[in-house]
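Coordinate analysis (summary)
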Amino acid sequence: MMITVSPLYPLKFHPILKPKVWGGKKLAKLFKKNAVGNIGESWEISGVNENVSEILNGPLKEKSLNWLLENYKEKLVGEKVYKDFGNQFPLLFKFIDAREDLSVQVHPDDILAKKRHNSFGKTEMWYILDVEKNGKLILGFNERMDQKKYLKALSENKITKVLNSETVQNGYVFIIKPGTVHAIGAGILLAEIQQTSDVTYRIYDWDRPDTNGQMRELHTDLALEAIDFTPAKTKLEYSEEINKPTHIGTTDFFSVNKLVLSESFVRDLNEIPSFTVYMCLEGAAIIETDDFSEEIKKGETILIPAQLPEIKFTTNSASFLEVYIP
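This is a predicted model, so every value here is computed, not measured.

Glancing now at unusual backbone geometry. The backbone of E62 shows a phi angle near 75°, a positive value even though the residue is not glycine. For E62, the location among the structural elements is in the loop between β4 (51-52) and α2 (65-72). Even without being a glycine, D207 presents a positive backbone phi close to 50°. In this fold, D207 is placed in the loop between β13 (201-204) and α7 (220-226). On the accessibility criterion, D207 (52% relative accessible area) is exposed.

The structure is reproduced here in C-alpha cells:
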C-alpha cells in the first residue's frame, strides 16, 4: 500500500563510517564526520546488504533507504530506474580517505559479478578532493601486459614494477571500469560514485597486516578472469563553468556534473529522469523546495527524489558533484 503521510523532500542520510587499516582522520577533520580512529570510508548513501542507509532529516527520519523504495517506488528514483532495478537502490556514494596506500585490486563486470556473487559489477568514478605531496593513483599497467606476463610478475613479487602510477591534483576525475587494475595512493581524499556492489578482488596488499594483525586475503584466481589487459583511458577532461552544471562524464550506469555556485541558483530537474544526488565539495547552501528547506555543507550528501521538479540553492559559495541516472 502506498504511504501518503509524507510528501518526499530532499533527503540526508546518516553516514556509515568504515574503519580501515589504511584510513585516516580527514573525514573527521575536514568533513566533520563523527569519527573516532582511522576511518577509511564514509558511505553516504548505500543500499548494500547490511549497510543500508537511514534517513537523517525531516518527517521520514530513521526510515531506511529500502523502506523508502518499497513505499515510494518511482516517486523516489524515477520510472525507468524503478523498472530496471525495483527495490534495489542502484548507486553507492562514498568519501574515501587514504592515509596509506589501498590494496591493488580489480572489480568484476556485471556478467561475472552476477554469475559469481549474484551482485552488480562495479564501475566507479573518482573525484579528487585533497592530495598530499606526490599523491598518486595506480591505474592499469605501465607496459603491454597479458595474462602470462602478469602471472610471472605476481609470482616473482614484482607486480608493483609493472603498475602504472599517475600523480594527481585536486579536481582530477577518473572512471574506473570493471577489469581495470587500480589502487588509491596514500595522502588522497576523494569522492567515489559507483554501482551498488561490495565485490572487490585484492591482487596485492603491500605485505601489510590488517587491524587484527592478520594478512588480508588475496584473490589471485578470482581476479585473473576479471582483469582487462587492454590499456584503459581513465582520466576525464572537463572545463569548469560557474553557476551552471558542467558535464564531467557519463558511464553506462550514471552521469556526473559539477556545479560551482557563487550565487543563488534554481536547478530545473524536469529533464533528469531519475533521482539526483548532490555531494558537497566546498562551501554550504540551503536547498529549498516549495515546502521544505535543508542545509548542506562541505562533506555532506543529499538525495533529491525524482518527483521533485526543481530545487533552489541559496548560497554565495558552494560546489557540488551532481549525479543522476540518464
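A few words on the pairing of strand β18 (residues 276-288). Sheet analysis places β18 next to strand β20 (residues 301-304), joined by four bridges and oriented antiparallel. Across the sheet, the residue bridging to V277 is L303, located in β20. Here seven bridges tie β18 to strand β22 (residues 318-324), and the two strands are oriented antiparallel to one another. For C280, the partnering residue across the bridge sits in β22 and is F320.

The next point concerns the packing of aromatic side chains. Going through the model one piece at a time under the given rule, you end up with 13 aromatic pairs. Judged by centre distance (5.2 Å) and plane angle (80°), the ring pair of Y278 and F313 falls under edge-to-face. A residue pair is termed long-range when its members are at least 10 positions apart, and Y278 in strand β18 and F313 in strand β21 (residues 310-314) qualify at 35 residues. For the residue pair Y278 and F313, the accessibility class agrees, reading buried in each case. With a centroid separation of 5.9 Å and 80° between ring planes, the pair formed by Y278 and F320 is classed as edge-to-face.

Take the nonpolar core next. L68 and L76 are the most contacted members of the largest nonpolar core, which has 44 residues in total. Looking at this core element by element, the count peaks at four residues for α2. Discounting residues that sit within four places of it in the chain, L68 has contacts with L8, L11, F13, I55, L60, K73 and L76. Counting 23 residues, the second largest nonpolar core, distinct from the first, contains V104, I138, L163 and A226.

Cut-off values and rules
- Residues numbered from 1 in each chain as written.
- Predicted model: local features only at pLDDT ≥ 70, side-chain atom pairs only at ≥ 80, totals over all residues.
- Heavy atoms only, no water.
- Helix = DSSP H or I, 4+ residues; strand = E, 2+ residues; numbered from the N terminus.
- Buried < 20%, exposed > 50% of the residue type's maximum accessible area, 1.4 Å probe, protein only.
- Pairing = 2+ DSSP bridges.
- Phe/Tyr/Trp six-rings, centres within 6.5 Å; stacked < 30°, edge-to-face > 60°.
- Core = buried A, V, L, I, M, F, W, Y, C linked by side-chain atoms within 4.5 Å.
- Contact = heavy atoms within 4.5 Å.

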